[in-house]
Amino acid sequence: MADTAMETGTGAAAMKVSDEVAIQITDMNKWYGDFHVLRDINLTVYQGERIVICGPSGSGKSTLIRCINRLEEHQKGQIVVDGIELSNDLKNIDKIRSEVGMVFQHFNLFPHLTILENCTLAPIWVRKTPRKEAEERAMHFLTKVKIPEQADKYPGQLSGGQQQRVAIARSLCMMPRIMLFDEPTSALDPEMIKEVLDTMIELAEEGMTMLVVTHEMGFAQAVANRVIFMDQGQIVEQNEPREFFNNPQSDRTKLFLSQILGH
Amino acid sequence: MSDTHAHTVAYVRDTMLPPEVPPAAERGVIRWMRANLFSSWFNVLLTILGLAVLWSLLAGILPWFWNSVWVADSLSECREIRDALHGTGEEVSSACMAVITERWNQLLFGFYPQDLYWRPVAALIVFLAALGPVLFASVPRRLVWFTAAAPFLMYWLLWGGSIGGPLAVALGFAAAWGAFVLGSRFSGALAATIGAIVVPLLYWLLLTGPVAGLIGAVIPIELQFVPSKDFGGFMLSFIIGVAGIILSLPLGILLALGRQSNLFIINKCSIAFIEVFRGVPLIVWLLTASLLLNYFLPPGSNFDLMLRVIILVTLFAAAYLAEVVRGGLAALPRGQYEAADALGLDYWKAQRLIIMPQALKISIPGIVNTFIGLFKDTTLVVFIGLLDPIGMSNAIRADTSWQGINWELFVFIGLLFFICCFSMSRYSQHLERRLRTDHS
């Protein structure tokens, strides 16, 4: 399904959001020990939607998207991904994880495997894809992120921007229906931010459902359907990007925007 | 080009400079010597001092070795030959290597029957061949099957008896595999793991004897049986050391994982095991193996002493390895676990494909360190009456014809151990180089 959307989706047509719910989060709360990191989170994400989550550091935005694929456990409320509720059932967790791709701030490529092996590992061992098919698909996505010639190198031999693009390709090889990005450009040199953002924009244009934690407001304006502002573990404001940037409602949002856009 | 720009601040490079080779004085032997041996008057002094020490050492050792007597029947005959060659006037330093050549077989094989020496030699060849696919990337992967079969073949070659015994034990592993596959198909991973442990244990305890007899009756291939008490010399050390090394690594990895586990009982059992085995000296464990175990085992049961020693040496080394591997696990960034989780890999797949390859690579120096320690510690079995090389040398020195000989035997035994340990060390360095992926 995700496959066909990727092949056929182009520009404006793909900007249309379906009413099929991809992620439903209801009254979700999380604590780290005594610290209440996420408070009463309610969020519905539709298939094909592109959401940018921003906010000051420590506001819980990374924790929120890490709860969606159970890298963090929530203590109260409900998270339903693709119709499956996240519970302690390991089978459900693994099922959701193979449908939800994740890109990390520090890439987290596997340094002992080549680029190609990084991309084929999960399809072969989790999806039981035949090796040849997995390699063809890996090369397809590596071509898409514009580094097919690096396939036989190791992550340590690539630049940060290239590594992050490999990380995106690695996630895409699992044919996920949803992609989570946890500050994907924060660890990159300015010269390399653009190449990663371009890849993400391309992905967005093809209709991928994306949740992106980032400080790149240009990216938010270019591709997001919705921008969410978080502070102190709560969703403070959400709106479509133009309204969000031009006409922020809460004082906290105004202060935040003036700080990151002001210079 | 600089003429046109000399009087302005603005500057544009129009040709990029190619790299050049460094000046001659910065290369070669002369530069190395100047930098490392004669860089200051103090270093000149140290160099001369070092050469003097080296000279006096070699001047003592080389003639001793060079004047060796290689063929003689006793120490006194050695001395006669030496005096005949060099005259009795002054004391000439000379080694009596004849003790090595005369007792060569005993030092290597102990009291293993002379006419069956081909069997340990064949076992050694099997062992070296089986190492190939494990140690070197250039050997075809498919030969791993040979490596898996090799332990049973080696056991049969060394101890002999009916081929039914080793085959029946090997079937236990097949049973474990079957239980695991069935368990994971019809139940969860936990049931599969428990099945894979319990089924073969029950099989080995209850069924191995009858099955061995049955196979022996069907395939009547038999080698002359050699009891463990005839094993000795370096062969004994080598068998205990190699068996300990091979068995302790997987056990150590499991213990390290157990110590990191969130499951309360597994976690606490692993910690208790590691602390108890690491906290008590090996010699105490060996004495336990030789003396105390008999009290606990049912009367009349004849549990081979060598097997008991192998088990305790393995458990002892596994406790050390567990901590070494835990260090490697701790050194991995949390992002590696998260990336594996995020891709949907389950615990065992993540461990096998992502975590362990990296953690073990980091731990190579520590692992090899433990292996070398284990290998040398096998000499402690002399205290429980096994005739390892040290035990053999004690017996030889008690013999009237070789009384008074010390150095030659210990130099030889030391050399044997050094060759093995140094090979392990060199291999580990090769492995570290091969696994390096952070440069082009």
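The model shown is predicted, which means the values in this text are computed figures rather than measured ones. (Residues numbered from 1 in each chain as written. Chains lettered and ligands numbered in written order. Predicted model: local features only at pLDDT ≥ 70, side-chain atom pairs only at ≥ 80, totals over all residues. Heavy atoms only, no water.)

Caption draft 1: Region of interest: the domain arrangement of chain B. The domain boundaries assigned to chain B delineate domain 1 (21–65), domain 2 (101–112 + 229–435) and domain 3 (162–223). Just the C-alpha atoms count here: the centres of domain 1 of chain B and domain 2 of chain B sit 40 Å apart. (Domains from an automatic or database assignment.)

Caption draft 2: Looking closely at the side chain of Q351 of chain B. For Q351 of chain B, the location among the structural elements is in helix α16 (residues 347–377). Those residues within four positions of Q351 of chain B in sequence are excluded, and the remaining contacts are L257, Y337, M356 and P357 of chain B. (Helix = DSSP H or I, 4+ residues; strand = E, 2+ residues; numbered from the N terminus. Contact = heavy atoms within 4.5 Å.)

Caption draft 3: Broad picture of the confidence of the model for chain B. Here chain B shows a mean pLDDT of 87. Residues at 70 or above account for 95%. At the level of chain-chain contacts, confidence expressed as ipTM amounts to 0.88, with global pTM at 0.84. (pLDDT = per-residue confidence, 0-100.)

Caption draft 4: Highlighting helix α15 (residues 334–342) of chain B. Residues of α15 of chain B that are buried include every one of G335, Q336, E338, A339, A340 and A342 of chain B, and no others. Tucked inside the fold, the buried residues of α15 of chain B contact α3 (61–68), α4 (90–99), β6 (100–103) and α7 (160–172) of chain A together with α16 of chain B. Downstream of α15 of chain B by a residue or two, G344 of chain B has a phi angle that is positive, lying close to 90°. (Buried < 20%, exposed > 50% of the residue type's maximum accessible area, 1.4 Å probe, protein only.)

Caption draft 5: Here's a closer look at the interface of chain A and chain B. With 24 residues of chain A at the interface, the matching set in chain B holds 22 residues. For the pair chain A and chain B, the two sides together bury roughly 2000 Å², of which 62% comes from carbon and sulfur. A per-residue breakdown of the area chain A buries against chain B is headed by F110, H112 and W125 of chain A, which together make up 28% of the total. Counting every contact that joins chain A to chain B gives 1 salt bridge. One salt bridge in this structure joins R66 of chain A and E338 of chain B, with 2.6 Å as the shortest N-O distance. Summed over the shared surface of chain A and chain B, the number is 7 residue pairs in polar contact (both at pLDDT 80 or more). Of all the secondary-structure elements, those providing two or more residues to the side of chain A that touches chain B are α4, β6 and α5 (115–125) of chain A. Here the side of chain A that touches chain B is composed, by residue class, of 13 nonpolar, 6 polar and 5 charged. (Buried area = accessible area lost by both parts, 1.4 Å probe. Salt bridge = Lys/Arg side-chain N within 4 Å of Asp/Glu carboxyl O. Polar contact = N/O pair within 3.5 Å; in protein donor to acceptor, adjacent residues only side chain to side chain. Nonpolar A, V, L, I, M, F, W, Y, C, P; charged D, E, K, R; others polar.)

Caption draft 6: Focus on the nonpolar core. Among the nonpolar cores identified, the biggest contains 133 residues, and I23, I25, I53 and L211 of chain A together with F231 of chain B are the most heavily contacted of them. Considering every element that reaches this core, the biggest residue donor is helix α14 (residues 305–331) of chain B, with 14 residues. If sequence neighbours within four positions are ignored, I25 of chain A has contacts with I41, N42, L43, L64, I68, Q78 and I79 of chain A. (Core = buried A, V, L, I, M, F, W, Y, C linked by side-chain atoms within 4.5 Å.)

Caption draft 7: Geometry of the pairing of strand β10 (residues 234–239) of chain A. All names here are of chain A. Pairing of strand β9 (residues 226–231) with β10, which is carried by 5 bridges, proceeds in the antiparallel orientation. Of the residues in β10, the one forming a bridge with M230 is I235. Connecting β9 to the next strand, β10, in antiparallel fashion are 2 residues, including Q232 with a positive phi near 45°. (Pairing = 2+ DSSP bridges.)

Caption draft 8: Looking closely at the pattern of salt bridges. What the rule picks out here adds up to 27 salt bridges over all chains. Residue E202 of chain A pairs with K146 of chain A through a salt bridge whose shortest N-O separation is 3.3 Å. Taken together, the positions of E202 of chain A in helix α8 (residues 190–205) and K146 of chain A in the loop between α6 (131–144) and α7 put the pair 56 residues apart, joining distant regions of the chain. Exposure remark for K146 of chain A: the relative accessible area of 53% places this residue in the exposed category. Taking the shortest distance from any N to any O, the salt bridge between R259 of chain B and E275 of chain B comes out at 3.3 Å. Pair noted here: R259 of chain B is in helix α11 (residues 233–260) and E275 of chain B is in helix α12 (residues 264–279), with a separation of 16 residues, a long-range link. Under the relative-accessibility criterion, R259 of chain B is labelled buried at 18%. Among the residues examined, E275 of chain B registers a relative accessible area of 35% and is labelled partly exposed. If you follow the salt bridges from partner to partner, you end up with K30, R66 and E72 of chain A together with R334 and E338 of chain B in one network.

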